[in-house]
Each structure stands twice: as C-alpha cells, then as structure tokens.
Amino acid sequence: GRALRLQLPPEQHRQVVSAALRRPPRHGRGPLLLYILDLLELPDPVLPQLPELLAPDVSVAGLLVVGNKVDLLPADSPGHLGRLRRQLTAACNQAGLRGAPLVDVRLVSAKTGFGLEGLVSRLQRSWKCAGDVYLLGATNSGKSTLFNSLLRSDYCKSRAPDIIDRATVSPWPGTTLNLLKFPIINPTCDRIFRRQERLKEEATKTEDQLSSEEKKYLNQLKKQGYLVGEVGRTFQQHKSSPVVDFDPDMLSYSIDEDPKHTTRKQVEREEFTYNEVKDARWCFDTPGIVKENCVLNLLTEKEVKLVLPTHAIVPRTFILKPGMVLFLAALGRVDYIEGEKPAWFSVVASNLLPVHISTLSKADATYKKYAGQEFLKVPMGGEERMKDFPPLVPQDITLKGIGTTEAVADIKLSSAGWVAVTAHEEEKLLLRAYTPEGTALLVREPPLLPYISAIRGGRIAGTAAYRTKKPPSLVENLKTTKGR
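Bear in mind the structure is a predicted one, so any value in this text is a computation, not a measurement. (Residues numbered from 1 in each chain as written. Predicted model: local features only at pLDDT ≥ 70, side-chain atom pairs only at ≥ 80, totals over all residues. Heavy atoms only, no water.)

J.: Requested: an account of the overall build of the protein chain, with residues and values cited.
T.: The secondary structure content of the protein chain amounts to eleven helices and 18 strands. Scored against the burial criterion, the 484 residues of the protein chain give a buried share of 54%. Restricting to contacts in the protein chain with at least 6 residues of sequence separation, those with at least 24 account for 80%. Put simply, the protein chain shows about 22400 Å² of open surface, and 51% of that area lies on carbon and sulfur atoms. (Helix = DSSP H or I, 4+ residues; strand = E, 2+ residues; numbered from the N terminus. Buried < 20%, exposed > 50% of the residue type's maximum accessible area, 1.4 Å probe, protein only. Contact = heavy atoms within 4.5 Å. Areas by Shrake-Rupley, 256 points an atom, 1.4 Å probe, with all protein chains shown as cover.)

This is the structure in structure tokens:
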C-alpha cells in the first residue's frame, strides 16, 4: 500500500508486460486480456501498441476493452453512455487491433463501482473460468483500482480478499512492481443463480433502506462522481467488519505529503490451501505502460495530483470573440484568431486547474509573468521551475461550426484536459492551440461530449464566463425513490 518514486522507461514497461504474456498457456488455452483505458484520453495512445505486445509467440484467447472513469464525465444529453460506448468501439477499430478477438466493450468506474457488477457478469458469462486473465493498460488508467474492486467482488474466490495484497493506487507510474494476482472463482450454475438472486434483491432497495454506513459511503461517492454503483459479494465468510473498508483516495498521498514509513503490527497471514489453488485460474495486474508525448511525464508528483481529475468534472464554458485567448493553467492555450461571430469554448479538465481569459495582445506577457506562479498554478515553483519546463508550441486549427448547441470538435491539450468548441452553423474559425513542446496536441472529431456547452448557468456579467452547473449523480443499482 505504499507508493514508490519509481520511473521505468516505456520500453522496459513493455518488456515486462510482454514477458508476462509470453508465459506458456495454462489449462490448454491462452489468457483473456482485460484492457482498461481512461475514457478522458480517447483516442487512447497505448491501444495501438497492443499488436506489438501480442507478438507471434503470444497466444491470446480474447480481448475485453474497459473504458474507465465514466463517473467523471457529466451527461451532456440523454443516451450519452450509449454514444460513449460507440466512440470507444470506434477507437478500438481505428487502433487496428489484431491477434485477439474483441469479446466486448464496457464502460465502468473502478472508483465508484459503476458498471462493475455488469462487467463481472459479462466475464463470468463469456469467459467463465476458461483461463487466466491479464489486466493491461496505460499508467493512470485506473487499472490497479479495478484490480482492487474485482478483488472484493464475485469474480474472486471468497477467501482471497483476506489473503491477497491489494494493488497500490497512486498517480505515479510504475507502482505495480510485481504481478499481483487473485484466484478467479468458478462460476458454477448454483453460484450464478445465487448471484442473480442477490442482484435482483439489491435492485429493489431504495436509498432509505440502506444502513447508515452504506448511506454515508454512497453520499461520499456521489460527491466524487456522477455515476455510482456498488460492488457486492454473494459468497463470503461473514465477519464483523464495516461494509466499506477501502477508499482509493486514502492510498494516494495528499499534495503536501511525501510517502512515510508506517509502523504496522505483524499479523499472522492466512494462506490458501493446496486444493484451493491447484487448478486455479488467476487474474493478474500488470505494470502500467507509460504514455509517450504526455504532459504528465513533465510534471512533479504534486502537479500530477492537481492535473489528474479525481472528482466529477464540472465543465466551464466561456464565450470568446476573435482576438481572445483561453489559458488552461500554464499547460495549454487556445487562441481565437479569426471568425465572424463569437464562439463557445467549454473546458473539460480537473476542477483544480485554473482557466484564465486574456487577449492576443496580452497573452504572451501573461504567460511569461504568471507561468510557475499561483495564478496559473501548474507548473509550480516559479522561475526556477520554468527554466526546465519546455516552451508552449503552437498548432493552427481550422474548424467549421455545426450549430450553437453542438460542439464541432475537442481540442485535446495532451492529458491536461480538452476544450470543446461550439460555433454557429457554417461559421469558419481559425484557432491556434498550444501545448508544451514534446507533448501531443489532438483535434478530436467527433467530440466526446458534443452538447457540453449546454451544461452551464447564466452569463456572469462583465466577463466571458458562464456560471458553472453540476448535474446530479445517478446510482446504478438502487431503485429510485418516487418524488426524487
């Protein structure tokens, strides 16, 4: 549970993962790859590397792609989850995945539990206990959080949570040092039936019928994400312990703290018996693959914690005229160079990152004066920090509006976030976007949340900004109370 300051080159990460996949197939068939990606990163930069990992001598039986962090994205329109799933499927097809049949594409939140019961049911239905499962994904995709959640679910043998070490949850690359694993439960007909009965019973409950401990935890998750679920266990040894004993955020250190050694009582560990694991199929967690050309690679631990969203993103919308500039911290900038009419720019990024509006004539001076300072927040450390930080480099972008209610594209400023651009129909815009040298700037068409500009309050008088509005949270597996 202690994160280490460890940096491994991308090539070494790939070698570790590839070596794990080259293990001789057990039980007569290759493993299932459970590839987890961060939905905010679409198109995922590591997904096209999968064929390279799946060398000719790697026998893989199937691939199941999981889009994580769906809880961070607000619903911009009815049916937004179906649209996100279609976009994720399209990204898989564009990545040219070969060598493993695509079993399914799922949307989940490893942190709040949304979609996890459905994922477990899908795994048990399609994969059963046919072979081992490997969790793959880029750093910061939430892979270790998913491992911990599955460890507490019906996918895992009932005694395993008391025996298996949990994966370290950290924003730093390389924290999964060894291949952590847990034994997969055999989904017999009896177990599947009992599990379905539990899920049906839980689906009839309302929030009012939950215990005070469950309500407290549920309210905590609602503050952190838009989509919330619960991961339960049908088969377990009954112990007098709280319903919830794990909070992913508690395993990550605060912005102002360094890891500290903790004194732990030596507890006698339980062990599996030979019969429990002699024919077991295992779920392995693998080291995260480092994303290249990523702004996070340029940042300190404290800065990464500010940039990576951990709570539901509240979109911030601004109406800009030609000649105006939008700064996302000191990590990205979008200039509105030419156009006939004002356009709307909606920022989807960590709520901790500041957004500032300037003019073209003052923008360079603003960046020079405030980069490294509290005003732009990240990077932090003043002039000394900025000496080592790469300069912002520009890329010209031409867009044509499709209407005042629908964004035409997202300008993705590496992993710092993105700006969705909404403009009048047929209106031509010339924009100039900047990201730090050596990082990837991407124009995403179609946008991930095309109706994002509608999630806003009234215009703030005398400014280019609209008031922010946070949509309500949705609990997945509880019956809605009438009148709410």
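Additional details are given in the paragraphs that follow.
J.: Can you break down the sheet that holds strand β16 (residues 428–436) residue by residue, with the values?
T.: Across the sheet, which stays open at both edges, the five strands sit in the order β12-β9-β10-β16-β13 with antiparallel pairing between neighbours. A single partner strand is all that each edge strand has here, and the edge strands are β12 (355–359) and β13 (392–400). Each strand of the sheet is rotated relative to its neighbour by a mean of 20 degrees, with strand direction disregarded. Against the sheet, helix α10 (residues 360–370) engages β9 (324–328), β10 (332–338), β12 and β13, with an angle of about 130 degrees to β12. (Pairing = 2+ DSSP bridges. Axes fitted to C-alpha atoms, helices over the stretch in contact; angles between N-to-C directions.)

J.: Explain the environment of R191 residue by residue, including any values.
T.: Its place among the elements puts R191 in helix α6 (residues 189–203). For R191, a relative accessible area of 29% corresponds to the partly exposed category. Those residues in contact with R191 that lie beyond four places of it in its chain are I185, N186 and F235.

J.: How would you sum up the sheet that holds strand β14 (residues 409–413)? Please name residues and give values.
T.: Strand order across the open sheet formed by five strands is β8-β11-β15-β14-β17, with antiparallel pairing between neighbours. The outermost strands of the open sheet, each flanked by one partner alone, are β8 (316–320) and β17 (441–444). For this sheet the average axis-to-axis angle between neighbouring strands, irrespective of direction, equals 20 degrees. Strand direction decides the pairing type here: β14 and strand β15 (residues 418–422), joined by four bridges, are antiparallel. Its bridge partner being in β15, K412 is matched across the sheet by W418.

J.: Before we move on, can you summarise the confidence of the model for the protein chain with the specific residues and values?
T.: Note: predicted coordinates in regions of low pLDDT should not be interpreted at a detailed level. Predicted confidence across the protein chain gives a mean pLDDT of 84, with 79% of residues reaching 70 or more. Segment residues 1–5 is flagged for pLDDT under 50; beyond a separation of four residues in sequence, or across chains, it makes 21 contacts in the model. When the criterion is pLDDT under 50, residues 168–177 qualifies, and its contacts beyond four places in sequence or with other chains add up to 42 contacts. (pLDDT = per-residue confidence, 0-100.)

J.: Mind laying out the packing of aromatic side chains, listing which residues take part and the relevant values?
T.: Taken as a whole, this structure holds six aromatic pairs when the rule is applied. Ring geometry for Y155 and F182: centres 6.4 Å apart, planes at 90 degrees, overall edge-to-face. Here F182 lies in strand β5 (residues 181–183) and Y155 lies in the loop between α5 (143–151) and β5, a separation of 27 residues in the sequence. The class for Y155 is buried, based on a relative accessible area of 0%. Ring geometry for Y336 versus F345: centroids 5.9 Å apart, planes at 50 degrees, classification tilted. (Phe/Tyr/Trp six-rings, centres within 6.5 Å; stacked < 30°, edge-to-face > 60°.)

J.: Outline the UniProt feature "coiled-coil region" (unreviewed entry) in the protein chain, listing residues and values.
T.: Here, UniProt's "coiled-coil region" (unreviewed entry) annotation points to residues 189–216. Taken as a whole, residues 189–216 contains 71% helix and 0% strand, while its terminal C-alpha atoms sit 35 Å from one another. (UniProt positions renumbered as here; feature names shortened; annotations may be inferred.)

J.: Please set out the nonpolar core residue by residue, giving values where relevant.
T.: Counting 51 residues, the largest nonpolar core has L331, F345, I411 and L431 as its most contacted members. Counting residues per element, this core draws most heavily on β9, which supplies five residues. Apart from the residues within four sequence positions on either side, L431 is in contact with D335, Y336, I337, F345, Q395, D396, I397, L399, I411 and V421. (Core = buried A, V, L, I, M, F, W, Y, C linked by side-chain atoms within 4.5 Å.)

J.: Can you tell me about the environment of L221, naming the residues and giving the values?
T.: Note that L221 resides in helix α7 (residues 212–224). Sequence spacing of L221 and S473 is 252 residues, and the spatial spacing of their C-alpha atoms is 9.2 Å. In contact with L221, other than residues within four places in its own chain, are K111, T112, V228 and G229.

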